[in-house]
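Each chain, written out:
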Amino acid sequence: MIAPTFSLIRVQDIKNNTLILDTGGLRAILEVSGINFSLLAEKEQELVINQFKNLLDGLDFPLEILIISRMENINNYLKILHLRLEEEQDPLIKFQLEEYVSFLEDYLQNHRVMKKIFYVIVPYDPIETGLGPLAKIKKNTKILEETEEAKFEQLETRIAYTIDALNNIGLSAYRLSNLELIE
């Protein structure tokens, strides 16, 4: 029998801007700005590459990077420009607006405008071996159960490191809220 799609969703709850998985693991999702790497000077490109290496070298946990490409609809933007064009009194500005609108309309006839959204998923999964002061042993198993507070503290440490390392590259990152995670 084929399992329903809902069974593929492993999220048990969303709390404190964090996805709580059915396995007890936690996932924080950071939305990250992009940079146009090809527009950077050669030295700037090398700096970005070295900072990214430093990010990867400093990790002691896995990261997941998700890139979503979507068609961007800029029809509303064009409507706003046309309204502004009708209201404009200054002939020079009106001419520049007409040229800009004409350029955009010509460009859109031959090209698709894509929007890229970058996400970094920061995980924390429960400890499976070893004894710690914040853990208690389940009966007949060696899997440890950490307190929820300890799990969130560990995740917050990972998030802080990741955001700081991304900032060093020149990327701004912010953590998605509960509502954004639900969306």
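What counts, and where the lines are drawn
- Residues numbered from 1 in each chain as written.
- Predicted model: local features only at pLDDT ≥ 70, side-chain atom pairs only at ≥ 80, totals over all residues.
- Heavy atoms only, no water.
- Helix = DSSP H or I, 4+ residues; strand = E, 2+ residues; numbered from the N terminus.
- Buried < 20%, exposed > 50% of the residue type's maximum accessible area, 1.4 Å probe, protein only.
- Contact = heavy atoms within 4.5 Å.
- Areas by Shrake-Rupley, 256 points an atom, 1.4 Å probe, with all protein chains shown as cover.
- Expected span 1.5 Å × (residues − 1).
- Arc of directions from axis to C-beta.
- Polar contact = N/O pair within 3.5 Å; in protein donor to acceptor, adjacent residues only side chain to side chain.
- Pairing = 2+ DSSP bridges.
- Salt bridge = Lys/Arg side-chain N within 4 Å of Asp/Glu carboxyl O.
- Core = buried A, V, L, I, M, F, W, Y, C linked by side-chain atoms within 4.5 Å.
- Phe/Tyr/Trp six-rings, centres within 6.5 Å; stacked < 30°, edge-to-face > 60°.

Along its length, the chain carries five helices and eight strands. Counting from the amino terminus, helix and strand elements in the chain follow one another as β-β-β-α-β-α-α-β-β-β-α-β-α. Scored against the burial criterion, the 183 residues of the chain give a buried share of 26%. Taking the intrachain contacts of the chain between residues at least 6 apart in sequence as the baseline, contacts between residues at least 24 apart amount to 68%. For the chain, the computed accessible surface area is about 13,500 Å², with 55% contributed by carbon and sulfur atoms.

What follows deals with helix H3 (residues 91-110). The first and last C-alpha atoms of H3 sit 29 Å apart over 20 residues, in line with the 28 Å expected at 1.5 Å per residue. If you check which residues of H3 are buried, you get Leu97, Val101 and Leu104. Buried residues along H3 cover an arc of 60 degrees about the axis, so they all sit on one side. Counted as exposed and oriented over 90 degrees from the buried face of H3: Pro91, Leu92, Phe103, Gln109 and Asn110. Looking at the packing, one finds that the buried side of H3 touches helix H2 (75-87). Of the residues flanking the start of H3, the one acting as N-cap is Asp90, its side-chain oxygen 3.0 Å from the backbone nitrogen of Leu92.

A few words on the pairing of strand S5 (residues 114-124). Across seven bridges, strand S3 (residues 26-32) lies against S5 in antiparallel orientation. In the sheet register, Ala28 faces S5, and the bridge partner there is Val122. Pairing of strand S4 (residues 64-71) with S5, which is carried by eight bridges, proceeds in the antiparallel orientation. Bridge pairing in S5 places Ile67 opposite Phe118.

With that settled, consider the pattern of salt bridges. In this structure the tally under the stated criterion is five salt bridges. Of the charged contacts, one joins Asp22 and Arg10 as a salt bridge, the two residues approaching to 3.6 Å between their closest N and O atoms. With Asp22 in the loop between strand S2 (18-21) and S3 and Arg10 in the segment before strand S1 (11-15), this pair connects stretches of sequence that are 12 residues apart. Across the salt bridge formed by Glu156 and Arg175, the nearest N and O atoms sit 2.5 Å from each other. Here Glu156, found in helix H4 (residues 148-169), pairs with Arg175, found in strand S8 (residues 173-175); they are 19 residues apart in sequence, far enough to count as distant. The partly exposed category is assigned to Glu156, whose relative accessible area is 37%.

What follows deals with the nonpolar core. Residues Leu30, Val32, Val122, Leu155 and Leu166 are the most contacted members of the largest nonpolar core, which totals 19 residues. The set of elements that each furnish at least two residues to this core consists of S3, helix H1 (42-57), S5 and H4. Setting aside chain neighbours within four positions, we find Val122 in contact with Leu26, Arg27, Ala28, Leu30, Phe61, Leu63, Leu155, Arg158, Ile159 and Thr162.

Turning our eyes to something else, we now look at the side chain of Arg175. Take Arg175: its relative accessible area is 18%, and that puts it in the buried class. Only 2.4 Å separates the side chain of Arg175 from the side chain of Thr18, close enough to count as a polar contact. Looking at Arg175, its side chain comes within polar contact range of the side chain of Glu156, at 2.5 Å. Excluding anything up to four places from it in sequence, Arg175 contacts Asn16, Asn17, Thr18, Ala28, Ile29, Leu30, Leu155, Glu156, Ile159 and Glu180.

Enumeration over the complete set of coordinates arrives at two aromatic pairs. Ring centres of Tyr77 and Tyr100 lie 6.5 Å apart, and the angle between their planes is 80 degrees; this geometry places the pair in the edge-to-face category. Here Tyr77 is found in helix H2, whereas its partner Tyr100 is found in helix H3, with 23 residues between them in sequence. Judged by its relative accessible area of 38%, Tyr77 falls in the partly exposed class.

Another aspect to go through is the side chain of Arg27. Inspection of the secondary structure puts Arg27 in strand S3. Side-chain polar atoms of Arg27 contact the side chain of Asp125, separated by 3.1 Å. The residues contacting Arg27, other than those within four sequence positions of it, are Thr18, Leu19, Leu21, Ile121, Val122, Pro123, Tyr124 and Asp125.

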